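What the coordinates show
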Amino acid sequence: MSWLGPDDEDELDEFDESAVRVRPNPKANRPRTKRRPAHEDAEVGRVLGVDRGRYSVLLGEDTAEERTVTAARARELRRTPIVTGDAARVVGDTSGDEGTLGRIVGIVDRTSLLRRSADDTDQVERVIVANADQMLIVVAAADPEPRARLVDRYLVAALDAGVRPLLVVTKTDLADPAPFLSHFEGLDLRVFTSARGEMPVAEIGAALVGHSTVFVGHSGVGKSTLVNGLVPSAGRATGHVNEVTGRGRHTSSSTVSLRYRGAEGNGWVIDTPGVRSFGLGHVDPANILAAFTELAEIAQECPRGCTHLPDAPDCALNEAAASGQLGEAGRARLDSLQRLLETFGVRPAAGGHG
Ligand code: GDP
Ligand code: ZN
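Residues numbered from 1 in each chain as written. Chains lettered and ligands numbered in written order. Predicted model: local features only at pLDDT ≥ 70, side-chain atom pairs only at ≥ 80, totals over all residues. Heavy atoms only, no water.

**Regarding the overall build of the protein chain**
Across its full length, the protein chain holds 9 helices and 13 strands. When burial is assessed residue by residue, the protein chain has 47% of its 354 residues classed as buried. Contacts in the protein chain between residues at least 24 apart in sequence constitute 67% of all its contacts with a sequence separation of at least 6. Carbon together with sulfur atoms contributes 48% to the accessible area of the protein chain, which is approximately 17,600 Å² in total. (Helix = DSSP H or I, 4+ residues; strand = E, 2+ residues; numbered from the N terminus. Buried < 20%, exposed > 50% of the residue type's maximum accessible area, 1.4 Å probe, protein only. Contact = heavy atoms within 4.5 Å. Areas by Shrake-Rupley, 256 points an atom, 1.4 Å probe, with all protein chains shown as cover.)

Right under this line is the structure:
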């Protein structure tokens with residue numbers, strides 16, 4: 001299927017770095033007259049994936065002229081990472097005909113950006129998905145055992161990026177998800193549960209319509225099974241639970257953009273195998289607080305630089321909790337907020353990646 005775009009980060013990075021090394025600043029002495037025109041005629045399309053410096057870009061999405069073009073990026077963009085979900089401006093041959101090559105001359109400003117976190121083998125955070133507006137977090141009720149802290153990490157990455165989180169708990173035929181879900185009671189988090197033979201494809205599908213949703217989850221939770229249920233043509237391999245040691249680079253990782261087509265409309269599923277966590281290196285606590293609208297309002301009364309943690313002096317949130325103003329539900333939400341802030345936002349990162 002032509003719109004399945006493989007995304008080979010390693011190849012792309014090699015391409016980037018070697019290009020940069022050879023020509024540190026290619027534009028420095030270039031005469032003005034030789035600069036390319038502004039490309040007002042560029043067509044904007046969705047980057048589906050990248051493979052060895054070649055991007056597949058969907059142009060004319062949902063029109064009679066829809067086609068996927070292969071494009072290289074213009075020289076002046078060689079230092080700009082272009083990733084799945086980017087809205088790319090394409091010029092040149094945009095016919096999409098066999099053997100043709102377009103040229104990406106720009107990227108439309110991104111509405112969101114998710115990075116893969118640095119790990120033991122790779123100190124650099126890498127951009128992996130642009131313009132997603134939802135993150136569907138998949139965990140299993142058992143096998144593997146769910147971990148609230150892992151979900152917290154995803155939640156923080158989503159909230160920090162301004163992406164709406166959704167949670168799916170699979171394998172509820174194996175265990176009752178209620179104890180695990182009690183961790184998230186204070187959050188505005190839509191939760192779906194799924195069991196063998198009872199996958200809520202219609203409900204989850206309806207939540208995907210009109211959105212670009214990144215699917216995340218550790219290996220073995222049933223994410224591929226779910227993706228195949230939602231997008232029958234996806235053909236994601238299932239049952240591969242041997243993640244070896246869980247360390248090191250996943251050579252087979254490839255991000256794919258899949259179109260969900262439901263009765264109520266279409267949406268995009270962006271599946272990111274091999275991404276164990278998203279980068280939390282640059283979390284802005286204000287972004288996390290902003291996701292808790294009513295608490296953010298109260299926090300406007302906080303002293304400047306307030307951490308809003310339980311020990312924060314004169315914190316309006318803690319005072320509202322102590323005076324009973326928040327109520328029980330509000331206190332549960334404050335607990336959730338503080339747990340996220342404490343673990344990932346306010347205190348200097350402890351360097352944990354698990
Ligand atoms: P992924 O690694 O997250 O993509 O997980 P897979 O989709 O490959 O699923 C891992 C294993 O869990 C497979 O053997 C699936 O058949 C199984 N599985 C998926 N969903 C369920 C479920 O709801 N209940 C049970 N019992 N097993 C499931
Ligand atoms: Zn405060």
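**Some details on the coordination of the zinc ion (ligand 2)**
Angles between donor atoms at a metal ideally measure 109.5 degrees for a four-coordinate tetrahedral arrangement and either 90 or 180 degrees for a six-coordinate octahedral one. Taken together, Cys-302 (SG), Cys-306 (SG), His-308 (ND1) and Cys-315 (SG) make up the protein donors of the zinc ion (ligand 2), found 2.1 to 2.4 Å from the metal. Going along the chain, you hit the donors of the zinc ion (ligand 2) in the pattern C-x3-C-x1-H-x6-C. Like Cys-302, the residue His-308 is buried in the burial classification. (Donors = N, O, S within 2.8 Å, 3.2 Å for Na, K, Ca; no water.)

**Section: the sheet that holds strand β1 (residues 43–51)**
Strand order in this closed barrel of 5 strands is β1-β2-β3-β5-β4, and the pairing throughout is mixed. Recorded for the sheet is a direction-independent mean angle of 55 degrees between the axes of neighbouring strands. Bridging between β1 and strand β2 (residues 54–59) involves 5 bridges; their strand directions are antiparallel. Each residue of the ladder has a partner; that of Asp-51, found in β2, is Arg-54. (Pairing = 2+ DSSP bridges. Axes fitted to C-alpha atoms, helices over the stretch in contact; angles between N-to-C directions.)

**What to know about the packing of aromatic side chains**
Tallying each qualifying case throughout the model produces 1 aromatic pair. Aromatic side chains Phe-180 and Phe-184 sit 5.2 Å apart centroid to centroid with 65 degrees between the ring planes, which places their arrangement in the edge-to-face category. Residue class for Phe-184 comes out buried when judged on its relative accessible area of 4%. (Phe/Tyr/Trp six-rings, centres within 6.5 Å; stacked < 30°, edge-to-face > 60°.)

As far as function goes, none of this settles anything; it's purely spatial.
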